[in-house]
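Okay, here's what each chain looks like letter by letter:
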Amino acid sequence: MKQHIRSLLAAGIMLSPALAFAQAPAAPPAWQQGRPAEMSGSTLAPHAPRLTVTAPDAIPVAALRVPEGFRVELWASGMPGIRAMALGPNGTVFGGTRVIGRVYAIRDVNGQRQTSTFMSGLEQPSGLAVRDGALYIAAMHRVLRVDNVEANLTNPQPVDLTAAFGQATEAHHGWKHIAFGPDGRLYIPRGVPCNICDTDGDRFALIESWLPNGTDRRIEARGVRNSVGFDFHPRTGQLWFSNHARDWAGNDNPSDTLHVAARRGEHHGYPWCAGGFQDPAVNGRLCAEFPPPALILGPHVAPVGTHFYTGTAFPERYRGAMFIPLAGSWNRERLSGFEVITVREGEGGRLIREPFLTGFRDEANNRFIGRPSGALTMPDGSLLISDQQNGAIYRISYGR
Amino acid sequence: MGAAAVMAAALAFSAQAQDAARGAALAEARNCAQCHGPRGVSDTPIIPSLAGQQAEFTTLQLILFREGIRRVPAMVEPMRGMSDQQIEDLAAWFASLPSERRADRGPANPALMARGAEISAGRNCNACHLPTYAGRANIPRINHQREDFLEHTLAEYRDGARVGTDTNMNGLMNGLTDGDIRALAHFLAHQE
C-alpha cells in the first residue's frame, strides 16, 4: 500500500479528507476531488434536487415511452425526492429519500393512492427493506427498525440499531441502498468517502451482510466504489449489484457497471480498475486481476435501485429480467442515462440490454425532465418506477 | 459544449407557477421583516438579506428549515405549517426585490481584498456563483450580502454546522483559517 499511496500523491490526488485538511489551500469538496487541472474551469456540478411538490399536471408522464404492449401511468405523486421503494406485507409502499430527509408511505385505498410522510427530519434515509412485518431504514450510518410497521403508520417508534451495525460515519457516499437476501441477512453497502482515493479496504468500498440484529458481519464483495442498487437472482439467489465509477476522468470514461458476486468476498477492482478501465491515476494492480463486470452500463449513467422483476404479468422474456433505473449523469457534457433499462439472459447466459422506459432525457436541448431512481414489482405483476426529480411513482403494466 | 448548455441541463424542468404578490402578503403576515429587514435588506447582525436572492435557492433553504434539516431555531416558528406553494411564493417575492450594494458598507481594506480575491480564484468560487457573485438557480447570490453573515455562515460550512442540499460548500471551506474566511467575506461584500 505504501507504494500505492506514493503514486497517488505523485498524480497530485488527495488521499483522504484528513490529509486534505492538512494541505490547505488545495482541499476540494469530495465530489470535485480528483479533478485534473485541465478541467478546473468546468461548470459541471451535481444537479440540484427539487424538494417541492410537483403538481400532477406538471409531471411529464405523457413524454415517457415503453415498449409495444406496455402502458405507463402516473400512480402516485407529491413525494419530493422519492427513490428506493419497499413493499409491506399488507401492501403499503414505503419510499426513501436523500436531502429532504423523509420516508413516505403510500397506500392504495379503493383504487386511489393515499400518500403520507411517515417519518421526517432523518439524514438521507435512502435505504429501505422489509422483513417479518418490520421496516428497516438506513439513514447514512444510522440503522432504524420499525416493528409491525403497517400498524404504526401514524406514530412510528423506531428501534435504534445504529450501534449494533457500527457503520462508518464519513458522509460522502455514506447514503445507502439496503436489501434482505434470500439467506435472511441484511445487505448494506459502504461507498468510498471520496471520488478516487486510497481507503481502508475493510471499512469502505464494500457490500456487507449482517444478521438482522446487527451481528455476524460478513464481507460479500470488496473493491466496490459505490453501489446504490442490488438484488438477488430469483433462481440462483446470487447477489447482482450495480456500481458507480469515478468522476473527472473524462466524458466517456470510466463506465458504471453491473456485477455478479460469484464468490463471497471477491475483489471487484476499486481503486485500480473500473469496468475494464485501468485508472491512470492509480498504480498497483491490473484490471486482469479482477473478475470482469457482467455488463458495462455506460459512462456516468448512475444506476440506482437494480431490481429483478418477479411477477408473471409481463411477457415471458421479461420474467426474471433485471430492471435498472439510470438516474443520469452530471459529470458529463452530454447527458447520459435518465432512462430505465432491462437486462435479460439470452442464449448461453449472454446478457442482453434494452431500453425500457425512456423520455426523461431531452436530447435536443441536453436537459432532463425526470430522474428514475427506484423499481419495485407489485403483487399484480405491474412494475413501479420512482422519479426523484418529480416526486412521483409511475406504474407500468402489460396488455389491455 | 459551452457553459450555457450545461446550465440548461441543470435547470431541468421549470418550476410551477409562483406568485410574488401572494408571497409579499405572506411575508407581511409572518413578519419576516422583523429579522430580515424591510424589503429584504437586513439591518440585524448575522441575519442575511433576502432581496434579489435566487428564487430556487430560497425555496430549497426554506424547505430545509421546515424539515428540520438546516437547523436554525429562529426560523422554526416562521416556517411552521408552511406549504410548498407558500414557500415558492415567498421565494418569488424576495427574488423580485432589488438587490443593491449595502449603504452601510465601509471602505475596502486592500490587504483583505487581495487575500479574499486569491482564495476565491484558487477555489473557483465564481465558476458556480458566477463572476458577478450574483448566483444562479440553486446557487445563491453572495454579493450585496451582510459581511458578518457571510463570515458566520462560511465558518459554519467549514465546521460542519450548516447542512445544505449537498456538501459542496462544506468541502470548499476545508482548511481555511478564521482569517481567510474574514478576508473572503470582506471581498464578497465589496463586490458590485
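The following paragraphs examine the structure supplied in this document. In this text the structure is predicted, and so the values were computed from the model without any measurement.

## Remarks on helix α6 (residues 84–96) of chain B
Residue and element names in this part refer to chain B.
Consideration 1: Here α6 is 13 residues long and its end C-alpha atoms lie 18 Å apart, about the 18 Å a rise of 1.5 Å per residue gives.
Consideration 2: Among the residues making up α6, those that are buried are Asp 84, Ile 87, Glu 88, Asp 89, Leu 90, Ala 91, Ala 92 and Phe 94.
Consideration 3: Where the residues of α6 are buried, they touch α2 (20–29), α4 (55–66) and α5 (76–79).

## Let's talk about the environment of A:Gly223
Residues and elements named next belong to chain A.
Consideration 1: Position of Gly 223 relative to the elements: it lies in the loop between β13 (218–222) and β14 (230–232).
Consideration 2: Taking C-alpha positions, Gly 223 is 23 Å from Thr 236, a pair spaced 13 residues apart along the chain.
Consideration 3: Contact partners of Gly 223, with chain neighbours within four places excluded, come to Ala 205, His 267, His 268, Gly 269 and Tyr 270.

## Re the sheet that holds strand β22 (residues 322–326) of chain A
Residues and elements named next belong to chain A.
Consideration 1: Pairing is antiparallel across the open sheet formed by 4 strands, whose spatial order is β21-β22-β23-β24. Each end of this open sheet is capped by a strand with a single partner; those strands are β21 (307–308) and β24 (351–357).
Consideration 2: Summarising the sheet, β22 and strand β23 (residues 339–345) pair through 5 bridges and their orientation is antiparallel. Residue pairing across strands places Phe 323 opposite Thr 342, the latter belonging to β23.

## Section: the packing of aromatic side chains
Residues and elements named next belong to chain A.
Consideration 1: Taken as a whole and assessed by the stated rule, the structure comprises 22 aromatic pairs over all chains.
Consideration 2: Ring centres 5.8 Å apart and planes at 85° place the aromatic pair Trp 240 and Phe 308 in the edge-to-face group. On the criterion of sequence distance, the pair formed by Trp 240 in strand β15 (residues 239–243) and Phe 308 in strand β21 is long-range, its members being 68 residues apart. As far as the burial class goes, Trp 240 and Phe 308 line up, both buried.
Consideration 3: A ring pair is formed by Tyr 309 and Phe 314, whose centres lie 4.3 Å apart and whose planes are at 10°; its orientation type is stacked. Pair check on accessibility: Tyr 309 and Phe 314 agree, each one buried.
Consideration 4: Seen from the ring of Phe 368, Arg 371 lies directly overhead, with NZ or CZ sitting 5.6 Å from the centre.

## Points about the sheet that holds strand β6 (residues 127–131) of chain A
Consideration 1: Pairing in this open sheet of 4 strands is antiparallel, and the strands run β6-β7-β8-β9 (chain A) from one edge to the other. Two strands bound the open sheet, and with one partner strand each, they are β6 and β9 (159–160) of chain A.

## Focus: the packing of α4(B) against α6(B)
Residues and elements named next belong to chain B.
Consideration 1: Orientation of α4 relative to α6, taken along the N-to-C sense of each, is 140°, at an axis distance of 8 Å. In this view, α4 runs oblique relative to α6, as classed from their interaxial angle. For the crossing formed where α4 meets α6, the hand is right-handed. Packed against α4, whose contacting residues are Ala 55, Thr 58, Thr 59, Leu 62, Ile 63 and Arg 66, the element α6 presents Asp 84, Ile 87, Glu 88, Leu 90, Ala 91 and Ala 95 at the interface.
Consideration 2: Here the residues of the contact of α4 with α6 are counted per class, giving 7 nonpolar, 2 polar and 3 charged.

## Things to note about the pattern of salt bridges
Residue and element names in this part refer to chain A.
Consideration 1: The tally for this structure, following the rule as stated, stands at 39 salt bridges over all chains.
Consideration 2: A salt bridge links Arg 185 to Asp 216; the shortest N-O distance between them is 2.8 Å. Linking Arg 185 in the loop between β10 (179–180) and β11 (186–190) with Asp 216 in the loop between β12 (206–210) and β13, this pair joins segments that are 31 residues apart in sequence.
Consideration 3: Using a relative accessible area of 5% as the deciding quantity, one classes Arg 185 as buried.
Consideration 4: With relative accessibility at 46%, the residue Asp 216 sits in the partly exposed group.
Consideration 5: Among the ionic pairs, Glu 363 bridges to Arg 361, the shortest N-O distance being 2.5 Å.
Consideration 6: On the basis of relative accessibility, which here comes to 46%, the residue Glu 363 falls in the partly exposed class.
Consideration 7: Shared partners join several salt bridges into a network, and the residues in it are Arg 71, Glu 73, Asp 380 and Arg 395.

Conventions we followed
Residues numbered from 1 in each chain as written. Chains lettered and ligands numbered in written order. Predicted model: local features only at pLDDT ≥ 70, side-chain atom pairs only at ≥ 80, totals over all residues. Heavy atoms only, no water. Helix = DSSP H or I, 4+ residues; strand = E, 2+ residues; numbered from the N terminus. Expected span 1.5 Å × (residues − 1). Buried < 20%, exposed > 50% of the residue type's maximum accessible area, 1.4 Å probe, protein only. Contact = heavy atoms within 4.5 Å. Pairing = 2+ DSSP bridges. Phe/Tyr/Trp six-rings, centres within 6.5 Å; stacked < 30°, edge-to-face > 60°. Lys NZ or Arg CZ within 6 Å of the ring centre and 35° of its normal. Axes fitted to C-alpha atoms, helices over the stretch in contact; angles between N-to-C directions. Parallel < 35°, antiparallel > 145°, perpendicular 65-115°, else oblique. Left-handed = near helix turned anticlockwise from the far one by under 90°. Nonpolar A, V, L, I, M, F, W, Y, C, P; charged D, E, K, R; others polar. Salt bridge = Lys/Arg side-chain N within 4 Å of Asp/Glu carboxyl O.

Function cannot be inferred from these measures alone, as they are strictly geometric.
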